[in-house]
Amino acid sequence: MVWSARQRDHLIGRSLGAGLGVVDGEVVDPPPFPLGPATDGSAGARMGHGDRPHFAPIMEETGVDHRVDAVANAPTDDRVRHGIGAGRKWVGRMKLLVAEDDDGVRQLLRETFAERGLTVEEAWTGAQTLQLARERQPDLILLDVQLGDDDGFALCRQLKADPATAAVPIIFLTARHAVHDRVRGLELGAVDYVPKPFELEELLARVGSALRVKASQDALRARQEELETLVHTDALTGLYNRRFLDERIAQEVVRAQRYRQALAFVMLDIDHFKRINDVYGHSIGDQGLRLLADLVRAELRLTDVAVRWGGEEFLLMLPATDRDGAARLVERIRAQLRRLPLSVDGQAIYLQISAGVTELRAEGDSIDAAVERADQALLQAKRTGRDRVCFG
Ligand SMILES: [Mg+2]
């Protein structure tokens, strides 16, 4: 029986992914749109993208940004595509925390910003402010300097000292106009300072500016995380590459030796892989590598690491696993391969694998020595007829 790629994915539970080495699809939150113009005709905060590589809030004095409207009215898929670009992460609908003890002012701010498409949280005490900042991770805090009995400056210091909230930009709102108050606020790490009573338009412009900076920082951070993942990932199979293993393996070996835990290594590869490439072409060879990677991934626990070691060679590192456990894992993969052939022009091609299995020894062992033993055991499996597991 020949399975289609889709059936195969389903059978082996590709979505399980086992978390490791998986460069899965993007995690996409609900789209940030629609964010139309302000309904009262005043200056409006809008999310737009235009020619920007990521969307950012746009503040405009007048007029309607037709690009944004066009996107806001488009079907969801289009919105997502426009909003995040192909395969790009985006930062989601932006959240504002208004920390203000005056009910009238707080209500005005809530309505003003909610109307412009921001999600608005409200706090009227210092404790609420700290809690909401931590739990909701707002993109900006409007912070009253005199928040009831609480001192906004002290709150700012606390927010900046907590790693969970340190990156959240803060704009102070205050009736205290003295220069040294403003300077103090900025020195504490606030991005801006708006005196009360404020001009609504000025406040909107300052909030928009702070959110724009926050959005581009978020996009930059997401991109950085993507790059870090790519540096450690094999592009074809989505497994880790050797660079990653070099870093991880040392930690695992130290841990295994300190706690006297088993740590198994498996070197496995596809039998007659060169022949598959020669006879059926490299794209079929690549399909075979991906299939094997998927089957390996489906077997991994969170702490296991699978690396594409070389061309058709995979190295697995399995903490808290002895060599028998590792051999059983290989047998499960071999059983799956007997069920899941590649399909080439209607013809079924069954992959076979050989594996060398070893365990880290309690005394006087090293990473290089263990990997070398796994490699030698793999060679022995090849020499003695392939399609088998040997111990080293
Ligand atoms: Mg106040």
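Residues numbered from 1 in each chain as written. Predicted model: local features only at pLDDT ≥ 70, side-chain atom pairs only at ≥ 80, totals over all residues.

1. Topic: the overall build of the chain
Then, number 1: When helices and strands are tallied, the chain shows 13 helices and 16 strands.
Then, number 2: Taken across its 392 residues, the chain has 37% of its residues classed as buried.
Then, number 3: Counted over contacts in the chain with a minimum sequence separation of 6, partners at least 24 positions apart contribute 65%. (Helix = DSSP H or I, 4+ residues; strand = E, 2+ residues; numbered from the N terminus. Buried ≥ 20, exposed ≤ 12 C-beta atoms within 10 Å, placed from the backbone. Contact = placed C-beta atoms within 7 Å.)

2. Comments concerning helix H5 (residues 126–136)
Then, number 1: Buried residues of H5: Gly-126, Thr-129, Leu-132 and Ala-133, and no others. All buried residues of H5 fall inside an arc of 130° around its axis, so they share one side. Structural note: H5 exposes Ala-127, Gln-131 and Glu-135 on the side pointing more than 90 degrees away from its buried face.
Then, number 2: One or two steps after H5, the chain reaches Gln-137, where phi turns positive at roughly 45°. (Arc of directions from axis to C-beta.)

3. Quick notes on the packing of helix H10 (residues 273–280) against helix H11 (residues 282–299)
Then, number 1: Interhelical geometry of H10 versus H11 gives an angle of 140° and a closest axis separation of 6 Å. The angle between H10 and H11 places the two elements in the oblique class. Only His-282, Ile-284, Gly-285 and Gly-288 of H11 make contact with H10, whose side of the interface consists of Phe-273, Ile-276, Asn-277 and Tyr-280.
Then, number 2: Of the residues that constitute the contact of H10 with H11, the class distribution is four nonpolar, four polar and no charged. (Axes fitted to C-alpha atoms, helices over the stretch in contact; angles between N-to-C directions. Parallel < 35°, antiparallel > 145°, perpendicular 65-115°, else oblique. Nonpolar A, V, L, I, M, F, W, Y, C, P; charged D, E, K, R; others polar.)

4. A few points about the sheet that holds strand S9 (residues 192–195)
Then, number 1: With parallel pairing, the five strands of this open sheet are ordered in space as S4-S3-S5-S8-S9. Of all strands in the sheet, those with a lone pairing partner are strand S4 (119–123) and S9, marking the two edges. Taken pair by pair, the neighbouring strands of this sheet meet at an average axis angle of 20°, ignoring direction.
Then, number 2: Pairing of strand S5 (residues 140–144) with strand S8 (residues 170–174) involves four bridges; the strand directions are parallel. Residue Ile-141 lies in a different strand from S8, and its bridge partner there is Ile-170. (Pairing = 2+ DSSP bridges.)

5. A short note on the nonpolar core
Across soluble globular proteins, nonpolar side chains have a tendency to be buried as a group.
Then, number 1: Of all hydrophobic cores here, the largest spans 47 residues; its most connected members are Phe-265, Val-266, Leu-292, Leu-315 and Ala-355.
Then, number 2: With seven residues, strand S10 (residues 263–270) is the single largest residue contributor to this core.
Then, number 3: In contact with Val-266, other than residues within four places in its own chain, are Leu-316, Leu-318, Ala-326, Val-330, Ala-355, Val-357 and Ala-374.
Then, number 4: Counting residues in hydrophobic clusters, the runner-up holds 35 residues, among them Leu-97, Ala-123, Cys-156 and Leu-204. (Core = buried A, V, L, I, M, F, W, Y, C linked by C-beta atoms within 7 Å.)

6. Some details on the packing of H11 against helix H12 (residues 323–339)
Then, number 1: In contact at an axis separation of 10 Å, H11 and H12 are set at 135° when each is read in the N-to-C sense. Comparing their axes, H12 and H11 come out oblique. Every pair of crossing elements has a handedness; the one defined by H11 and H12 is right-handed. In this structure, H11 uses Leu-295, Val-296 and Glu-299 to contact H12, whose residues at the interface are Leu-329, Arg-332, Ile-333, Gln-336 and Leu-337. (Left-handed = near helix turned anticlockwise from the far one by under 90°.)

7. Focus on the sheet that holds S10
Then, number 1: The strand order across the open sheet formed by five strands is S11-S12-S10-S15-S16, and the pairing between neighbours is mixed. Only two strands of the sheet have a single neighbouring strand rather than two, namely strand S11 (305–308) and strand S16 (389–391). The mean inter-strand angle of the sheet, taken between neighbouring strand axes irrespective of direction, is 20°.
Then, number 2: Looking at chain direction, strand S15 (residues 353–359) and S16 are connected through three bridges and run parallel.

8. So, the pairing of S10
Then, number 1: Counting buried positions over the eight residues of S10 gives eight, a clear majority of the element.
Then, number 2: Neither face of S10 is left uncovered, since the one carrying Leu-263, Phe-265, Met-267 and Asp-269 and the one carrying Ala-264, Val-266, Leu-268 and Ile-270 both have all their residues buried.
Then, number 3: The sheet contact formed by S10 and strand S12 (residues 313–319) spans seven bridges and is antiparallel. Looking across to S12, one finds that Leu-263 is bridged to Pro-319.

9. Side note on helix H8 (residues 200–231)
Then, number 1: With 32 residues, H8 extends 46 Å from end C-alpha to end C-alpha; this agrees with the ideal 46 Å at 1.5 Å per step.
Then, number 2: Among all positions of H8, only Leu-203, Leu-204, Val-207, Gly-208, Ala-210, Leu-211, Lys-214, Ala-215 and Ala-219 are buried. (Expected span 1.5 Å × (residues − 1).)

10. With respect to the environment of Gly-189
Then, number 1: Structurally, the position occupied by Gly-189 is in the loop between helix H7 (179–187) and S9.
Then, number 2: The spacing of Gly-189 and Cys-156 is 33 residues in sequence and 7.6 Å in space, taken between C-alpha atoms.
Then, number 3: When residues no more than four places from it in sequence are discounted, the contact partners of Gly-189 are Cys-156 and Lys-160.

11. Thoughts on the confidence of the model for the chain
Then, number 1: Looking at the chain, pLDDT values average 78 and 77% of them are 70 or higher.
Then, number 2: Note on residues 1–92: pLDDT is under 50 here. Beyond four places in sequence and across chains, it has 140 contacts. (pLDDT = per-residue confidence, 0-100.)

12. A few points about the pairing of S8
Then, number 1: Among the five residues that make up S8, five are buried, leaving the element largely enclosed by the rest of the structure.
Then, number 2: Burial along S8 is two-sided: Ile-170, Phe-172 and Thr-174 and Ile-171 and Leu-173, pointing in opposite directions, are all buried.
Then, number 3: With four bridges connecting them, S8 and S9 associate as parallel partners. In the strand pairing of S9, Ile-171 is matched with Asp-192.

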